[in-house]
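Commentary on secondary and tertiary structure
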Amino acid sequence: MYAWLWRKLPGDTGAKLLGAVVLAAVAVAILWYVVFPLWEPAVTLDEVTVRR
């Protein structure tokens, strides 16, 4: 998959590297600001039960 993406990005090595970094940053931003907030109510990470 990464090789396919590398071949599809336009430009020389520097431009491809910059494009890959931008795509990764966009993916992280979408996860951070869209997916995780929608998923957070279903996953209760704040409610921890400690057994004795």
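This write-up is about the structure you can find in this document. (Residues numbered from 1 in each chain as written. Predicted model: local features only at pLDDT ≥ 70, side-chain atom pairs only at ≥ 80, totals over all residues. Heavy atoms only, no water.)

**Remarks on the overall build of the protein**
Note the cut-off: The helix count covers DSSP runs of H or I at least four residues long, the strand count covers runs of E at least two residues long, and both are numbered beginning at the N terminus. With the radius of gyration taken over C-alpha atoms, the globule rule is written as 2.2 Å times the number of residues to the power 0.38.
Counting its regular elements, the protein contains two helices and zero strands. Against the compact-globule benchmark of 10 Å for 52 residues, the protein has a radius of gyration of 18 Å, which places it well outside the compact range. The principal-axis extents of the C-alpha atoms in the protein amount to approximately 60 × 25 × 15 Å.

**Details of a nonpolar patch on the surface**
Applied cut-off: Residues with no salt bridge and a relative accessible area higher than 30% make up the patches, which join like charges within 9 Å and nonpolar side chains (Val, Leu, Ile, Met, Phe, Trp, Tyr) within 5 Å. Residue-level accessible areas treat just the shown protein chains as cover; the underlying method is Shrake-Rupley with a 1.4 Å probe. Whenever Lys or Arg places a side-chain nitrogen within 4 Å of a carboxyl oxygen from Asp or Glu, that contact is recorded as a salt bridge.
Among the surface-exposed residues, Leu 18, Val 22, Val 26, Ile 30, Leu 31, Trp 32, Tyr 33, Val 34, Val 35, Phe 36, Leu 38 and Trp 39 lie close enough to one another that they form a single nonpolar patch of about 1300 Å² accessible area. Within the fold, Val 22 resides in helix α2 (residues 13–39).

**Details of the packing of aromatic side chains**
In this description, a pair of aromatic rings is defined by centroid distance and the angle of the planes. Heads up, the condition is: Here a Phe, Tyr or Trp ring, Trp counted by its six-membered ring, pairs with any other such ring whose centre lies within 6.5 Å, and the pair is stacked when the planes are under 30 degrees apart, edge-to-face when over 60, and tilted otherwise.
Taken as a whole and assessed by the stated rule, the structure comprises one aromatic pair. Here the aromatic rings of Phe 36 and Trp 39 are separated by 6.4 Å at their centres, their planes lie at 40 degrees, and the arrangement is tilted. Taken together, the positions of Phe 36 and Trp 39, both in helix α2 and three residues apart, correspond to about one turn of that helix.

**Digging into α2**
The condition is simple: Expected helix span is taken as 1.5 Å per residue step, with the number of steps being one fewer than the number of residues. Axes are fitted to the seven residues ending at a residue and to the seven starting at it; the angle between these axes is taken as the bend at that residue.
Spanning 27 residues, α2 covers 37 Å between terminal C-alpha atoms, matching the ideal 39 Å at 1.5 Å per step. Residue Leu 31 marks the point of greatest curvature in α2, where the axis turns by about 35 degrees.

**A few points about the environment of Leu 31**
Our working rule: Contacts: residue pairs with any heavy atoms within 4.5 Å of one another.
Here Leu 31 is to be found in helix α2. For Leu 31, the residues in contact, after removing those within four places along its chain, are Phe 36 and Pro 37.

Take it as geometry only, folks, not as evidence of what the structure does.
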